Amino acid sequence: MINGNHKNKGSNKFISISSPSITQKEIDFVKDAVESGWVSSLGKYIKIFEDKFAEFCGTKYALATSNGTAALHLAVALLGIKEGDEVIIPDLTFIATANAVSYTGARPVCADIEAETWCIDPKSIRKKITERTKAIIPVHLYGHPADMDGIMNLAKEYKLYVIEDASEAHGARYKNRMVGSIGDLGVFSFYGNKIITTGEGGMITTNNPGFYEKAAFLRDHAMSKDKRYWHPEIGFNYRLTNLQAALGVAQLERIAELINKKRRIFKWYEQSLKGLNGIKLNPQKDWAENVYWMICLLLEESISGKRESLMQKLKQNGIDSRPFFYPISLMPMYKSEEINRIAYSVSRRGLNLPSGVELTRDEVRYIAHAIYEQIMP
Ligand SMILES: Cc1ncc(COP(=O)(O)O)c(C=O)c1O
């Protein structure tokens, strides 16, 4: 059934969910940044990182931030969204998408997801739009793009802004267009487990010069350009450091290699789990190019009760895994009467498997073997 050298069995090696890929290039660039003395948020690497990231996404501008949550918050804030406003987000996402809306005083409203992409469903968005709605934040979940045409059409019809949360999908494409370049603004995270990392870090992308200027202004304490230490409004310190940017520049130079590795790992899982009934791996619509940030395993309803025991079994075999995110609308601060059925169902049945680019084919076989053992009756 499954071949493979299960070299982890009995050994102490733990297969983590994801770990960054650091080469001599990253070390050299960071060393250069440290030695330059520019250790805070001035220094050449920040501008290089922003310019190269904009080029990578195909946007006119990119602005680096201290993390992805800060980038999301800046994006919502610069649009003037405030208390009394609503912003529609998918029910299945990381908590930061909702929290960034709340920081402005606005209310996140959760829409359901599509069963086929696990991303926000335009049909559900339409039902959630009210006169208070100001924006939509689609999330390209686990590396798969959301249905951007459906979302952009709704945004046009109701005059809403679109902020793409591409924190998990650097380099993913929707109909051949880079995620983060389609909405009014794009947002990325460079946390340690992301496609590329700066340790902590984030980025805003946009083609709109006004949005870019406003984001840069708010990122740096809203200080006047012409008058030092004059602050006409409340801003933030959401700057990235030169040291982090140096790491980012090195990672960005390797992004094609890193994405190719993710795709190869997905293929290995696909091959190793072929023939196992009752499971599905990450989707990929024909209009999408998934970057497989996380390898996802979705259990069919009939065996969904096995998720906990499967995660336990993996752990016993030295294999890390994670459950899918809980629906946002289940959290105490975002509790809602309405149930987004697909988000609830997918959330309950999904788990993330080790997805780091250093994973070997033998390790994938070993993981698949443990899954077979637990799921086959
Ligand atoms: C969908 C999504 N949005 C936002 C964030 C927040 O990014 P950060 O952790 O860099 O603040 C993350 C990741 O952590 C994420 O997965």
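Treat the numbers as computed from the prediction; the structure is a model and nothing was measured.

**Observations concerning the overall build of the protein**
The helix and strand tally for the protein stands at 12 helices and 14 strands. With the principal axes as the frame, the protein shows a C-alpha extent of 70 × 55 × 35 Å. In the protein, which comprises 377 residues, the share counted as buried stands at 57%. Contacts in the protein between residues far apart in sequence, at least 24 positions, make up 72% of those at least 6 positions apart. For the protein, the exposed area adds up to about 16600 Å²; of that, 51% sits on carbon and sulfur atoms. Across the protein, 49 positive and 43 negative side-chain charges occur, with their mean positions spaced 2 Å apart.

**As for the side chain of Asn340**
Along the chain, Asn340 turns up in the loop between strand 13 (322-323) and helix 11 (341-349). A polar contact of 3.5 Å, which involves the side chain of Asn340, links it to the side chain of Lys128. Sequence-distant contacts of Asn340, that is, excluding residues within four places in its chain, are made with Asp91, Cys110, Ala111, Asp112, Ser124 and Lys128.

**Concerning the nonpolar core**
If you look at the biggest cluster of nonpolar residues, it comprises 61 residues, and the most contacted ones within it are Phe49, Phe53, Trp118, Ile125, Tyr142 and Ile196. The set of elements that each furnish at least two residues to this core consists of helix 2 (44-57), strand 1 (61-65), strand 3 (107-111), helix 6 (148-158), helix 8 (242-253), helix 9 (255-273), strand 12 (295-299) and helix 11. The leading source of residues in this core is helix 2, at 6 residues. Beyond its immediate sequence surroundings of up to four residues, Tyr142 is in contact with Trp118, Glu168, Asn282, Asn290, Tyr292, Trp293, Met294, Cys296, Phe324, Phe325 and Asn352. The next biggest cluster of nonpolar side chains, apart from the first, holds 32 residues, and it includes Leu74, Ala75, Ala100 and Ile137.

**Details of the site of the ligand**
Around the ligand, the surrounding shell holds 15 residues, and the nearest of these are Gly68, Thr69, Asp165, Glu168 and Ser189. Within the side chain of Thr69, an N or O atom sits 2.5 Å from an oxygen atom of the ligand. When residues in the shell around the ligand are grouped by element, the largest group, 3 residues, is from helix 3 (residues 68-78). Of the residues belonging to the shell around the ligand, the class tally is 4 nonpolar, 8 polar and 3 charged.

Conventions used here
- The numbers attached to residues start from 1 for each chain and follow its sequence in the written order.
- Residues qualify for local features only when their pLDDT is at least 70, as the model is predicted, and side-chain atom pairs are given and counted only at 80 or more; totals for whole chains, interfaces and linings, by contrast, use all residues.
- Excluding hydrogens and water, the side-chain values take into account all heavy atoms of the structure.
- Starting at the N terminus, helices and strands are each numbered in turn, a helix being any DSSP run of H or I of at least four residues and a strand any DSSP run of E of at least two.
- Relative accessible area decides the class of each residue, using a 1.4 Å probe on protein chains only: under 20% of the type maximum gives buried, over 50% gives exposed, and in between gives partly exposed.
- Contacts: residue pairs with any heavy atoms within 4.5 Å of one another.
- Only the protein chains shown count as cover for residues, and all accessible areas are computed by the Shrake-Rupley method using a 1.4 Å probe.
- Working convention for charge: Lys and Arg count positive, Asp and Glu count negative, and His plus the chain ends are omitted.
- Charged side chains are reduced to one point each, which is NZ for Lys, CZ for Arg, CG for Asp and CD for Glu.
- Counting of polar contacts relies on pairs of N or O atoms within 3.5 Å, with two restrictions inside protein: one atom must be capable of donating a hydrogen and the other of accepting it, and residues adjacent in sequence are counted only when both atoms are side-chain atoms.
- To qualify as a nonpolar core, a set must consist of buried Ala, Val, Leu, Ile, Met, Phe, Trp, Tyr and Cys residues joined through side-chain atoms within 4.5 Å.
- Working definition: residue near molecule or strand if any one of its non-hydrogen atoms lies within 4 Å of it.
- Throughout this entry, Asp, Glu, Lys and Arg are counted as charged residues, while Ala, Val, Leu, Ile, Met, Phe, Trp, Tyr, Cys and Pro are counted as nonpolar. The remaining residues, Gly among them, count as polar.

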